[in-house]
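Summary of structural features
Chain residues, written in single-letter form:
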Amino acid sequence: MTEVIKILLVEDDEDDYFLTSDYLAQCESPTFELTWVTNSLDAVEALKTQSFDLCLLDYLLGAENAIDVLGVLKSNQFNLPVVILTGQSDATVDEMVMRAGAADYLQKSEIESPRFMRTIRYAMVRRDIENERIERNKVEQKNKAKDKFLAHLGHELRTPLTSILGYTELLIDDARNSPFQQELSIIHSNGKHLLSLLNDLLDMSRIMAEKLELNIKEVNLSAFLTDIHSLMRLNAKDKGLSLNVVSKTKIPEFIHTDPTRLRQVLLNLISNAVKFTDKGSITLTISLDEPSENDSSQTLLRFSVDDTGIGMPPDKLINIFQPFEQIEDVMRANHGGAGLGLAICKELVTKLGGDIDVKSRLGEGSTFTFDINPGDVSEQPRVDLELGQIQPVESSSINLNVTGRVLIVDDLREIRRLTGHLVSQSQADISYAENGVKALEAVLQADEHNQPFDLVLMDIHMPVMNGIEALHAIRRHGQDIPVIAVTAASRKGLRESLIREGFNDVIGKPIDRFALANLLSQYLPPGNHVTFTNVEAQVADMPMNKPYAPEDETAYRGLATPGQAEQKIQSTDSNGNSDQPANKHILVIEDDEDAAELLQLFLSHLGHTVTTQYSGAEALQAAENQSFDHILMDLTLPDYNGYDLASELKQKLPDAILTIVSGHEADSEAMTTIGINSALLKPVTKDDLASVVG
C-alpha cells in the first residue's frame, strides 16, 4: 500500500502554491495530500481540525514571517515538523528559523529537485524519532507514578493489617478469651488472607511493570524441599490429607536459582492442592531432566504437584494462568481468591527459565508440572532425595530470656502499643517516641542520665522526621546503639538499602512475633527465663483495662520507670482530690453520622459534654453562640476546606484547643500556621481521644 503524507502548506503566493502542488502530484511514492492556507490563523484552524505529517511554511507571509508563525504554532502546542520555504538563501535567516524550531530550510527553486524530497524524508524521520522519545518519556513517567502508587498502597494497607493481625494474636494468646477462640481465629485467618491477597496484587503489579527481579543464589535442594514439606504438611494434615515429597531420579546436591521465588511457586501450588482436595493425598515429585550426549538442550529440574481433589474440566484450563481468571465451578464451591496466584506462578516460572502446564480431570484431581533452569549442575554430585528432620512447628511459647531498655518509635499510637506489648513480654523496659525528633531527644536524654537504650525499633515512614533521618541524627551525636528498621514496604533491595543507611537489621510489618523475639535475643542482654506463654499466666489476674505496656508522656523522654508512671496516675492535689480530668465542652465537626456518634460516645464516657455539627457552616454558627474548650474536626467536609474552617474557628474561639481527626495525614506546616494543636488519624480509639482531650 502506497504511503500517504499529509502536508499543510502555508503560502500567500498562489503561483508558488500551484508550483508546489503540481510537483507533489507527480510523485508516485509516496503520495501527498496537500492542504493550502495563506496565514497563521488559518493554519491554526486547520491544525485543530486535521492531523498533518508535515508543514511547509513560506518565510514571508504579508505582515508575518516564519518566526512569528513558528511562535504561534508552539504556543498552541502543535508538534509537527516545519520546513521553511524562501525565495533566496540567507545564512542569517537560516540560523534564526532553525533556532525558532524549524526542522529544515529550503529555497523554493529547489522544490523540483531531489533535495526537496530528501528534506521531507529527513523531517519525517526526525518527527518519528521525536515522537518515539515523547512516548518513551510518557511510559517512563507512568511507570514512576505506578511505582510510587504501589509503594504507597503497600504501606497504607499493611499498616492497618499490622493492627488487625497483631491485636487479634494478643487476644488469642490471652487465656481469658478462650470462649471466643473460634471467632478470633476467623478474624486472624481472614486478616492473613487479606495480607496474602495484598502480596499477590503487589507481585502482579511488579511483574506487569517489569520491575520484579530475581536473586539467584546457591541452594541445597534436599534442605530446601525439607523446608517446603515442613511448612505445608500441617495444612494437609488439618484436612486429613497426606503430603508426600518424592524424587523420580537422583538430584543435584546444589542448584542455582532464586529460592524465595521457587518457594513461592511451590507453596502456591501445594496450597491450592490442599484447598481443592477433600480426601486423599498431595504428592510433590521432583526429577532431573538431563539431555543425552548428542542433545544440546539444557538440563531442567522438573516439579510436579498431584492432588486427588475436585479437578477441572479440560475446556476451562486454557485461561487458568491468566490474571484474574477463576473457574466458575470452583467459585461456586466457595473456594475464593483474587485469581492471581497461578498467573504469578507462570510469570515466576518463566523468569526461572522454564514453563508450567496443567492436566486435570473433573472429580479426579489435577497435576501441575513446571520446570526451572537449575544453573550449571554438570559438576554437582547426583544424590538421593533425603528429607531432613522436620522442624517442630513453633508454638506460641517463645523464649524471651532478655532484659535491657528498648525505645519503640512509630507515629501510629496503636502500632507503638502493639509492638510494646510484644516486647513487654520479655524483661525489657520500654519507652516510646512518636517521630524521629522525639526519638533523638529520648536517646540523648537517656544517655545523659546514664540510662542508655540497648535497642531502638524505628519505623521508617513518620512525619516531622522520618526513620532514616533520625538514624543519621543519632549517629551524628556519636550514639552507636543498635537501631532496627521497621517498615511496611516490600520492594526488592529495600533491606540491603536500609542496612547501607546504617540500620543494624530490618523487620517487616505486620511484625512477626517470632522474628521480633529473634531480634530481641540477638541485641538485648540476657535475663531470667520468660516465655510468651508463662507471661500470660503471670498477667492473668491483671485488670482488663491494662493489657499494654505503659505509654505516658515521660516515657517519650526515655526516663520513666514503672513507679513514676504509677505515681503520676495516682497523683493528688493539696486538698486531697485526685487528679482527674475536668469536664470539658467539646465541639465535634464530622459529616459522617456514624463516626460522629462514635466520637460522642467515647467523649461522653470520658466525662465530657459534646456538641456535634455535621458541616462547617453549622460549626461556625455554634462557635458564635457557645464557648468550647476543645474542637475535634474532620478535614473533609461537604461545604468547607478543613484548614480554612480551622482558621476561622481559631479566630472565633482563640482559647479553644483544636485537634484534627481525619483519614488523611495532617499537613504539619498548615497546622503550625493556623495554630492547630494536634492531629489523630482515623480510626481513633477512646484512649486516643483521652490522650489529646484528657
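Structural notes, computed from the coordinates.

The rules behind these values
- Residues numbered from 1 in each chain as written.
- Predicted model: local features only at pLDDT ≥ 70, side-chain atom pairs only at ≥ 80, totals over all residues.
- Heavy atoms only, no water.
- Helix = DSSP H or I, 4+ residues; strand = E, 2+ residues; numbered from the N terminus.
- Buried < 20%, exposed > 50% of the residue type's maximum accessible area, 1.4 Å probe, protein only.
- Contact = heavy atoms within 4.5 Å.
- Areas by Shrake-Rupley, 256 points an atom, 1.4 Å probe, with all protein chains shown as cover.
- Pairing = 2+ DSSP bridges.
- Axes fitted to C-alpha atoms, helices over the stretch in contact; angles between N-to-C directions.
- Phe/Tyr/Trp six-rings, centres within 6.5 Å; stacked < 30°, edge-to-face > 60°.
- Lys NZ or Arg CZ within 6 Å of the ring centre and 35° of its normal.
- Patch = residues over 30% accessible without salt bridge, like charges linked within 9 Å, V, L, I, M, F, W, Y side chains within 5 Å.
- Salt bridge = Lys/Arg side-chain N within 4 Å of Asp/Glu carboxyl O.
- Lys, Arg positive; Asp, Glu negative; His and termini not counted.
- Charge placed at Lys NZ, Arg CZ, Asp CG, Glu CD.
- Core = buried A, V, L, I, M, F, W, Y, C linked by side-chain atoms within 4.5 Å.
- Polar contact = N/O pair within 3.5 Å; in protein donor to acceptor, adjacent residues only side chain to side chain.
- 1 Å grid on protein atoms, 1.4 Å probe; cavity = no way out; pocket = protein on both sides within 12 Å on 5 of 7 lines; lining within 4 Å.
- Points joined across faces, edges and corners; volume = space filled by probe spheres on them.
- Nonpolar A, V, L, I, M, F, W, Y, C, P; charged D, E, K, R; others polar.
- Expected span 1.5 Å × (residues − 1).
- Parallel < 35°, antiparallel > 145°, perpendicular 65-115°, else oblique.

For the protein chain, the count of helices and strands is 23 helices and 26 strands. When the 694 residues of the protein chain are sorted by exposure, 45% land in the buried category. Contacts in the protein chain between residues far apart in sequence, at least 24 positions, make up 71% of those at least 6 positions apart. On the protein chain, roughly 36,200 Å² of surface is accessible, and the fraction owed to carbon and sulfur atoms is 49%.

Attention shifts here to the sheet that holds strand β17 (residues 405-409). Strand order in the open sheet formed by 5 strands is β18-β17-β19-β20-β21, with parallel pairing between adjacent strands. Looking at which strands have only one partner, the edges of the open sheet turn out to be β18 (429-433) and β21 (505-508). In this sheet, neighbouring strand axes are inclined to one another by 20 degrees on average, regardless of whether the strands run parallel or antiparallel. In this sheet, β18 lies alongside β17 in parallel orientation, the contact comprising 5 bridges. Of the residues in β18, the one forming a bridge with Arg 405 is Asp 429. Each of β17, β18 and β19 (455-459) is contacted by helix α11 (residues 413-424), which is oriented at about 165 degrees to β18, the strand it contacts most. The sheet contacts of helix α15 (residues 513-523) involve β19, β20 (483-487) and β21, and relative to β21 the element is tilted by about 160 degrees.

Inspection of every chain in the model, using the stated rule, returns 4 aromatic pairs. Ring centres 5.1 Å apart and planes at 45 degrees place the aromatic pair Tyr 17 and Phe 18 in the tilted group. Take Phe 18: its relative accessible area is 41%, and that puts it in the partly exposed class. Their ring planes at 15 degrees and their centres at 5.0 Å tell us that Phe 303 and Phe 370 sit as a pair that is stacked. A residue pair is termed long-range when its members are at least 10 positions apart, and Phe 303 in strand β13 (residues 300-307) and Phe 370 in strand β15 (residues 365-372) qualify at 67 residues. Across the pair, Phe 370 and Phe 303 agree in class, each one buried. Members of the aromatic cluster, connected to one another through ring pairs, are Tyr 17, Phe 18 and Trp 36. In this structure, Lys 6 packs its charged tip against the face of Phe 52, placed 5.9 Å from the ring centre. The residue whose ring lies beneath Arg 405 is Phe 453, and the NZ or CZ to ring-centre distance is 4.7 Å.

For His 472, the location among the structural elements is in helix α13 (residues 467-476). Separated by 31 residues in the primary sequence, His 472 and Phe 503 have C-alpha atoms spaced 9.5 Å apart.

So, about a negative patch on the surface. There is a patch of like negative charges on the surface, built from Asp 591, Asp 592, Glu 593, Glu 597, Glu 618 and Asp 639. By the element assignment, Asp 639 lies in the loop between β24 (630-633) and α21 (642-652). A relative accessible area of 37% places Asp 639 in the partly exposed class.

With that settled, consider the pattern of salt bridges. Per the stated rule, a full pass over the model turns up 10 salt bridges. A salt bridge links Asp 355 to Lys 346; the shortest N-O distance between them is 3.5 Å. On the accessibility criterion, Lys 346 (28% relative accessible area) is partly exposed. Each of Asp 289, Arg 302 and Asp 371 takes part in one network of salt bridges that share partners.

The next subject is the nonpolar core. Within the largest apolar cluster, 47 residues are counted, with the highest numbers of intra-cluster contacts made by Leu 269, Leu 284, Ile 286, Phe 303 and Phe 370. When residues of this core are assigned to their parent elements, the largest contribution, 7 residues, is made by helix α8 (residues 259-275). Excluding anything up to four places from it in sequence, Ile 286 contacts Leu 225, Val 245, Val 246, Ser 247, Lys 248, Thr 249, Ile 251, Leu 301, Arg 302, Phe 303 and Leu 385.

Moving on, we get to the side chain of Thr 611. On the secondary structure map, Thr 611 appears in strand β23 (residues 609-613). The buried category is assigned to Thr 611, whose relative accessible area is 16%. Of the polar contacts made by the side chain of Thr 611, one reaches the side chain of His 585; its length is 3.0 Å. Sequence-distant contacts of Thr 611, defined by excluding residues within four places in its chain, comprise His 585, Ile 586, Leu 587, Val 588, Gln 626 and Phe 628.

As enumerated under the stated definition, the model contains 1 cavity of 30 Å³ or more in all. Here the largest cavity is characterised by a volume of approximately 40 Å³. Lining the largest cavity are Ile 408, Val 409, Asp 410, Ile 415, Thr 419, Leu 457, Val 486 and Ile 511. For the lining of the largest cavity, the elements supplying multiple residues, two or more each, are β17 and α11. Its residues assigned to classes, the lining of the largest cavity comprises 6 nonpolar, 1 polar and 1 charged.

The periodicity of an α-helix, 3.6 residues per turn, causes residues three or four positions apart to be oriented the same way. A rise of 1.5 Å per residue sets the reference length of α11, with its 12 residues, at 16 Å; its end C-alpha atoms lie 16 Å apart and thus fit the reference within 8%. In terms of burial, α11 is largely enclosed, as 10 of its 12 residues are buried. Residues of α11 that are buried: Arg 413, Ile 415, Arg 416, Arg 417, Leu 418, Thr 419, Gly 420, His 421, Leu 422 and Val 423.

Before going further, it helps to spend a moment on the packing of helix α20 (residues 616-625) against α21. The geometry of α20 relative to α21 is characterised by a closest axis approach of 10 Å and an angle of 5 degrees between their N-to-C directions. Viewed along their axes, α20 and α21 adopt a mutual orientation that is roughly parallel. Contact with α20, carried on its side by Gly 616, Ala 619, Leu 620, Ala 623 and Glu 624, involves Leu 645, Glu 648, Leu 649 and Lys 652 of α21 and no other residues of that element. Broken down by class, the residue content of the contact of α20 with α21 amounts to 5 nonpolar, 1 polar and 3 charged.

Here 5 strands make up an open sheet; going across it, the order is β9-β12-β13-β15-β14 and the pairing mixed. With partners counted over all chains shown, the strands left at the sheet margins are β9 (242-247) and β14 (356-361), one partner each. Strand-to-strand twist across the sheet, computed as the mean angle between neighbouring axes with direction ignored, equals 15 degrees. Relative to β15, β14 runs antiparallel, the two being bridged by 6 bridges. Its bridge partner lying in β15, Asp 357 is registered against Thr 369. With respect to the sheet, helix α7 (residues 221-238) is in contact with β9, β12 (281-289) and β13, its orientation differing from that of β9 by roughly 165 degrees.

A few words now on the pairing of strand β3 (residues 54-58). Among the 5 residues in β3, 5 count as buried, and that is most of the element. Residues Leu 54, Leu 56 and Asp 58 point to one face of β3 and Cys 55 and Leu 57 to the other, with burial holding for every one of them. Bridge count between strand β1 (residues 4-10) and β3: 4 bridges; the pairing is parallel. When the sheet's bridge partners are listed, Leu 9 is paired in β3 with Leu 56. Summarising the sheet, β3 and strand β6 (residues 82-86) pair through 4 bridges and their orientation is parallel. Pairing of Cys 55 across the sheet is with Val 82, part of β6.

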